[in-house]
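One letter stands for each residue in the lines below.
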Amino acid sequence: MSKLNKNYLCITFLIMLIGWGSCLLCSFNGILLNDNRWLYVPYLLGGLSPTIASYLALKSNNKVTNIKEWLKNIFDFRHHIFSYLMVVIMAILFILPQCFISGYEKGAPLFAIIVMIPVMLVGGGLEEAGWRYILQPELEKKYSFPLSTIIVSIIWWLWHLPLFYIQGVGQYGQNYFAFGINVLGLSFALAGIRKNTGSVWLCVLFHCIVNSLMGIYVINDKIWGNITATTILILCSCALVKINGKMKIFK
């Protein structure tokens, strides 16, 4: 593993453990997030740990000179319409099979996605400033695309673990294994987007759209929907990477 990845992961997990570890200790002692709004400070700190670690690791390794350059590298909005279309289709391919197979409950109205997508920048999207900006491309320098993606998915899955034990957050009490299956599929989708377009922003956008859709279509906890959606995303991502390697349709 490269020095940059080691620095990035150490900082990410250190900040996450400080933030979510504090929430976890409070939860075990009956101090709950919903009743104590000040707990949102360490909760958000943990959630933003990949983002914060991204800048710190890149800066310390002389990969960026300042925040302005870092932000410019992340928010690269100018891409082919096919690239944006790929992001939307991949998000639909994630949510639709689960709706059909597992069933769902209605959450927020569909039009709310206009507001939810920007909100989800903090609610997950900005994680991509680390996972897909640093971790995935650095691993691909040494390992194959599929193996690199599997490694990222395992690390990403483990990073989420504390949330399943903090009362008051969305993941509390859910099936961690089923969540891991979704993480694998999403990791391939995000890695494919990064590989095909070279864009961190499109990964951020995909993450925001997926999280928003999950607030609109609240999927029932049935594992076959997760498996189906993940299988589709893996196959589509690998196929698109192979096709784009020959035809360059997304750049």
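Just above, that's the structure.
As the structure is a prediction and not an experimental result, all values here were calculated from the model. Positions within a chain are numbered from 1, following the residues in the order the chain's sequence is written. At least 70 in pLDDT is required for a residue's local features to be given in this predicted model, at least 80 for side-chain atom pairs to be given and counted, and no such filter applies to totals for whole chains, interfaces and linings, which use all residues. No hydrogens and no water enter the side-chain calculation; it runs on all heavy atoms of the structure.

Novice: Go over the overall build of the protein chain with me, naming the residues and quoting the values.
Specialist: In DSSP terms, a helix is any run of H or I states spanning at least four residues, a strand is any run of E spanning at least two, and both are numbered starting from the N terminus. Regarding its fold elements, the protein chain presents 11 helices and two strands. For the protein chain, the N- to C-terminal ordering of α and β elements is α-α-α-α-α-β-α-α-α-α-α-β-α. Just to be clear, the radius of gyration here is over C-alpha atoms, and the globule rule we use is 2.2 Å times residues to the power 0.38. Taken over the C-alpha trace, the protein chain has a radius of gyration of 18 Å; the compact-globule value for 251 residues is 18 Å, and the two agree within 12%. Along the first, second and third principal axes, the C-alpha atoms of the protein chain reach 55 × 45 × 30 Å. Three exposure classes are used, based on accessible area relative to the maximum for each residue type with a 1.4 Å probe and protein chains only: buried under 20%, partly exposed in between, and exposed over 50%. Of all 251 residues assigned to the protein chain, the portion counted as buried reaches 48%. Taking the intrachain contacts of the protein chain between residues at least 6 apart in sequence as the baseline, contacts between residues at least 24 apart amount to 79%. Roughly 12,400 Å² of accessible area belongs to the protein chain as shown, and the carbon and sulfur atoms make up 69% of that amount. Charge separation in the protein chain, taken as the distance between the mean sites of 19 positive and 9 negative side-chain charges, equals 11 Å. Contacts are assigned to residue pairs with any non-hydrogen atoms lying within 4.5 Å of each other. Surface accessibility follows the Shrake-Rupley procedure with a 1.4 Å probe radius. Residue values consider only the protein chains on display as shielding. Counting rule for charge: Lys and Arg are taken as positive, Asp and Glu as negative, and neither His nor the chain ends is counted. By convention, the charge on Lys lies at NZ, on Arg at CZ, on Asp at CG and on Glu at CD.

Novice: An account of the pattern of salt bridges is requested, with residue identities and associated values reported.
Specialist: For this analysis, a salt bridge means a side-chain nitrogen from Lys or Arg found within 4 Å of a carboxyl oxygen belonging to Asp or Glu. Across all of its chains, the model carries three salt bridges by this definition. A salt bridge links Arg132 to Glu128, with the shortest nitrogen-to-oxygen separation between them at 2.6 Å. Linking Arg132 with Glu128, this pair stays in helix H7 (residues 128-140), spanning four residues, or about one helical turn. Both residues of the pair, Arg132 and Glu128, count as buried. Two residues, Glu140 and Lys195, come together in a salt bridge whose shortest N-O distance is 3.0 Å. Taken together, the residues Glu140 in helix H7 and Lys195 in helix H9 (residues 176-197) connect sequence positions 55 residues apart. Relative accessible area serves as the criterion here: at 39%, Lys195 is assigned to the partly exposed category.

Novice: For H9, give the residues involved together with the corresponding values.
Specialist: Helical geometry note: an α-helix holds 3.6 residues per turn, so side chains three or four residues apart project in the same direction. Helix span, expected: 1.5 Å multiplied by one less than the number of residues in the helix. If you check H9, its first and last C-alpha atoms are 31 Å apart, about what 22 residues at 1.5 Å a residue would give, namely 32 Å. Burial within H9 is extensive, with 19 of its 22 residues counted as buried. A 3.5 Å cut-off defines polar contacts: any pair of N or O atoms within that distance qualifies, except that in protein one atom must be a possible hydrogen donor and the other a possible acceptor, and neighbouring residues in sequence count only when both atoms are side-chain atoms. Residue Asn175 occupies the N-cap position of H9, its side-chain oxygen lying 2.9 Å from the main-chain nitrogen of Phe177. Backbone geometry just after H9 places Gly198 at a positive phi near 70 degrees.

Novice: Would you mind going over the packing of aromatic side chains in detail, with residue names and values included?
Specialist: The pairing test for Phe, Tyr and Trp rings, Trp by its six-membered ring, is centres within 6.5 Å, and the orientation test on the planes gives stacked under 30 degrees, edge-to-face over 60, and tilted for anything in between. Counted under the stated rule, the structure contains 13 aromatic pairs. Their ring planes at 80 degrees and their centres at 4.9 Å tell us that Phe77 and Trp201 sit as a pair that is edge-to-face. Here Trp201 lies in helix H10 (residues 201-216) and Phe77 lies in the loop between helix H4 (67-74) and helix H5 (81-102), a separation of 124 residues in the sequence. Residue classification places Phe77 among the partly exposed residues on the basis of a relative accessible area of 48%. Accessibility expressed as a relative area gives 13% for Trp201, which makes it buried. Following the ring pairs from residue to residue traces out a cluster consisting of Tyr8, Trp20, Trp131 and Trp159. Either the NZ atom of lysine or the CZ atom of arginine qualifies as a charge over a ring when it sits within 6 Å of the ring centre and within 35 degrees of the ring normal. Sitting over the face of the ring of Trp156, Arg132 holds its NZ or CZ atom 4.5 Å from the ring centroid.

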